[in-house]
Each structure stands twice: as C-alpha cells, then as structure tokens.
Amino acid sequence: MVSENKANLSEALLRSAVIDDHINELESIPTEEELKARYTISHHHEVRMKALLRKEQYRILRYTIFNNAKRAAIFAIILSALFFGMLMTNSEVRASVSNVISEWFDGFTRFIFPDNPTAHESTEWVIGFVPDGFVKTERIDIGYSSLIVYANVDNIEVMLHYAPTGYISFAVDDEQAEFERTYFNGIEFHMFVPMAENYPSRIIWTQDGFAFLLEGHVSIDELLRMAHTVTKK
C-alpha cells in the first residue's frame, strides 16, 4: 500500500513538473507587440530596399533603351549609306562632295575643304566687278591665306578671304540667314542670305584648288555678281 502511494505521488510530481515546464515555455514566447518591436523593418531599411529596386528597374530600362537606340542607329547608318550611294551617281553632287564638306551646328556652319595638290600657293586672285563707290583699301597676306578689303565712303566693307584648300576652313554664323545654293560655270556657290539689316551677306565656294569666302553688307545679288568675277591675276 505504501509502495502504491509512493508511485502515485511520483507520477503526480512528474505530471506537475511537465505541466510547469510547458507553462514556462508558453510564457517565454514573446507577445505580438514584442515580436513587432523586435522584428519590424526600420524605415531606413525600407528606403534602402526601395532605392535598390528603383536602381534595378532603371538598369533594365537603360538596357532596353540602349538596345533599341543601337538598332535605330544601325538602321540610320545603313539608310544613310544607301542614300549617299544614290547621290554619288550624280556627277554634279559627286563633284560637290569632293570639294566641300559642310558641318552644321547649332548657330553656325563649318566648311572644310580637302587638300588639292594642283593648287599653287603663290596664286593671286582679284575681283573683276566691284559695286559703285567701293575701292580696294587693304590687302593682308598671312602664310597661305589672303584677305582683300573693299570699302565705300560710308565705311561699308566687302571682304574676300581665300587660301588653297587644305590650308583653311570657314565657320559662318547662320542664325540670321537663310542658306541657298546656286551654280555658275560648274562652280557651286553656298550662299547665306541675311534676314536682318545688320547681318552681312556671305558666299563660300571653291575654284581651281582654292577656297573663298566673300562677305559684306551688300545685297546677295551684288555679292554673287562679285563672286562670279573672281579670277586669277
């Protein structure tokens, strides 16, 4: 009887210990509020994650745009090559390309002239026709380049600047001018017709291995007539 009572007591104690241990484990589990406080993602971390996500989205977008732009550029190059090839079948255009290279920028145009080995640097050029009232006032020679200045009594000037191709290039302000082309005796003249009174007329062309810029505050018709009469002295 005593042994049975001891066994029942031991079992009761063991059961109580197990229950107490289970209760202790349950009580050790953090509350919902404690879990939120302990494991809530900080605002700084959220901002960082969003920044990384945006960076990855931008990277994908840039990759897509770059590939599309590259394909468009390749297509444009192929189209330009085909168009240029068609132009080169025209003898007049072919001669123009070989004599003058024009580069168009925002506000000005630059003209480059390939070298012509047949040109003689010592060649002197003169203008056959000069508008009434204009006389030659100055000539400046610097290296292979020459500048001839004509002026009238009102101090209005017309200037002829020239040099062998390959030794000179011209940059022309085109913001206040309309660009036109005309041909005379097989020569292509690039004209900048002024749209404002204080803006000069300008004409650029090549002839016998020389590049010319004629400019002045006269009408484009008078300036073109002068350009047609520029000859070797």
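Residues numbered from 1 in each chain as written. Predicted model: local features only at pLDDT ≥ 70, side-chain atom pairs only at ≥ 80, totals over all residues. Heavy atoms only, no water.

Enquirer: Please provide a residue-by-residue account of the packing of aromatic side chains, values included.
Expert: Overall, the coordinates contain 11 aromatic pairs when judged by the stated rule. Relative to Phe212, the ring of Tyr162 has its centre 5.7 Å away and its plane inclined at 35°; by these criteria the two rings are tilted. Taken as a pair, Tyr162 in strand β6 (residues 157–164) and Phe212 in strand β11 (residues 210–216) lie far apart in primary sequence, 50 residues in all. For Phe212, a relative accessible area of 0% translates into the label buried. Arranged with centres 5.3 Å apart and planes meeting at 45°, the rings of Phe189 and Trp205 form a pair that is tilted. Pair noted here: Phe189 is in strand β9 (residues 187–194) and Trp205 is in strand β10 (residues 201–207), with a separation of 16 residues, a long-range link. In this structure, Phe189 and Trp205 share a single accessibility class: buried. Aromatic rings pair up to connect Trp125, Tyr162, Phe189, Trp205, Phe210 and Phe212 into one cluster. Positioned above the aromatic ring of Phe129, the side-chain terminus of Arg225 is 3.8 Å from the ring centre. (Phe/Tyr/Trp six-rings, centres within 6.5 Å; stacked < 30°, edge-to-face > 60°. Helix = DSSP H or I, 4+ residues; strand = E, 2+ residues; numbered from the N terminus. Buried < 20%, exposed > 50% of the residue type's maximum accessible area, 1.4 Å probe, protein only. Lys NZ or Arg CZ within 6 Å of the ring centre and 35° of its normal.)

Enquirer: Kindly report on the sheet that holds strand β5 (residues 145–151), identifying the contributing residues and their values.
Expert: Here seven strands make up an open sheet; going across it, the order is β4-β5-β6-β11-β10-β9-β8 and the pairing antiparallel. Each having just a single partner strand, β4 (135–142) and β8 (177–184) make up the two edges of the open sheet. Between one strand axis and the next, the sheet turns by 15° as a mean value, whatever way the strands run. Against the sheet, helix α5 (residues 220–228) contacts β6, β8, β9, β10 and β11, and its axis sits at roughly 20° relative to β10. (Pairing = 2+ DSSP bridges. Axes fitted to C-alpha atoms, helices over the stretch in contact; angles between N-to-C directions. Contact = heavy atoms within 4.5 Å.)

Enquirer: Could you give an account of unusual backbone geometry, with specific residues and numbers?
Expert: Its identity is not glycine, yet Asn155 carries a phi of approximately 65°, on the positive side. Note on placement: Asn155 falls in the loop between β5 and β6. With relative accessibility at 61%, the residue Asn155 sits in the exposed group. In the Ramachandran plot, Asn185 falls in the positive-phi region, its phi being about 55° despite a non-glycine side chain.

Enquirer: Explain the sheet that holds strand β2 (residues 108–112) to me, and be specific about the residues and the numbers.
Expert: As summarised here, the arrangement of the three strands in space is β1-β2-β7, forming an open sheet in which the pairing is antiparallel. With one partner strand each, in any of the chains shown, β1 (101–104) and β7 (169–173) form the two edges of the open sheet. Neighbouring strand axes in the sheet, compared pairwise and without regard to direction, differ in orientation by 20° on average. Two strands pair when backbone bridges link them, and β2 and β7 are joined in this way by five bridges, in the antiparallel orientation.

Enquirer: Which residues make up the side chain of Arg202, and what values do they have?
Expert: Structurally, the position occupied by Arg202 is in strand β10. Side chain to side chain, Arg202 and Tyr199 meet in a polar contact 3.2 Å long. Setting aside its immediate chain neighbours within four residues, Arg202 contacts Val172, Asp173, His190, Met191, Phe192, Leu213, Leu214, Glu215, Ile220 and Leu223. (Polar contact = N/O pair within 3.5 Å; in protein donor to acceptor, adjacent residues only side chain to side chain.)

Enquirer: Before we move on, could you go through α5 and cite the residues and values that matter?
Expert: An α-helical turn contains 3.6 residues, so any two residues separated by three or four positions project in the same direction. Turning to α5, its buried residues are Ile220, Leu223, Leu224, Met226 and Ala227. One side of α5 holds all its buried residues, which, seen down the axis, span an arc of 155°. (Arc of directions from axis to C-beta.)

Enquirer: Tell me about the nonpolar core, and name the residues and values.
Expert: Of all hydrophobic cores here, the largest spans 25 residues; its most connected members are Val158, Leu160, Ile203, Trp205, Phe212 and Leu214. Elements that contribute at least two residues to this core include exactly β3 (125–127), β5, β6, β9, β10, β11 and α5. Per-element accounting of this core gives the leading share, five residues, to α5. Filtering out sequence-adjacent residues up to four positions away, Trp205 remains in contact with Leu160, Ile187, Glu188, Phe189, Phe210, Ala211, Phe212, Leu214, Ala227 and Val230. Residues Ala163, Val172, Ile204 and Ala211 belong to the second largest nonpolar core, which totals 13 residues. (Core = buried A, V, L, I, M, F, W, Y, C linked by side-chain atoms within 4.5 Å.)

Enquirer: Any details on the pairing of β4? Residues and values, ideally.
Expert: As judged from the seven bridges shared by β4 and β5, these two strands associate in the antiparallel manner. Within the sheet, the bridge partner assigned to Ile142 lies in β5 and is Ser145. Connecting the antiparallel pair β4 and β5 is a turn made up of two residues, with Gly143 showing a positive phi of about 65°.

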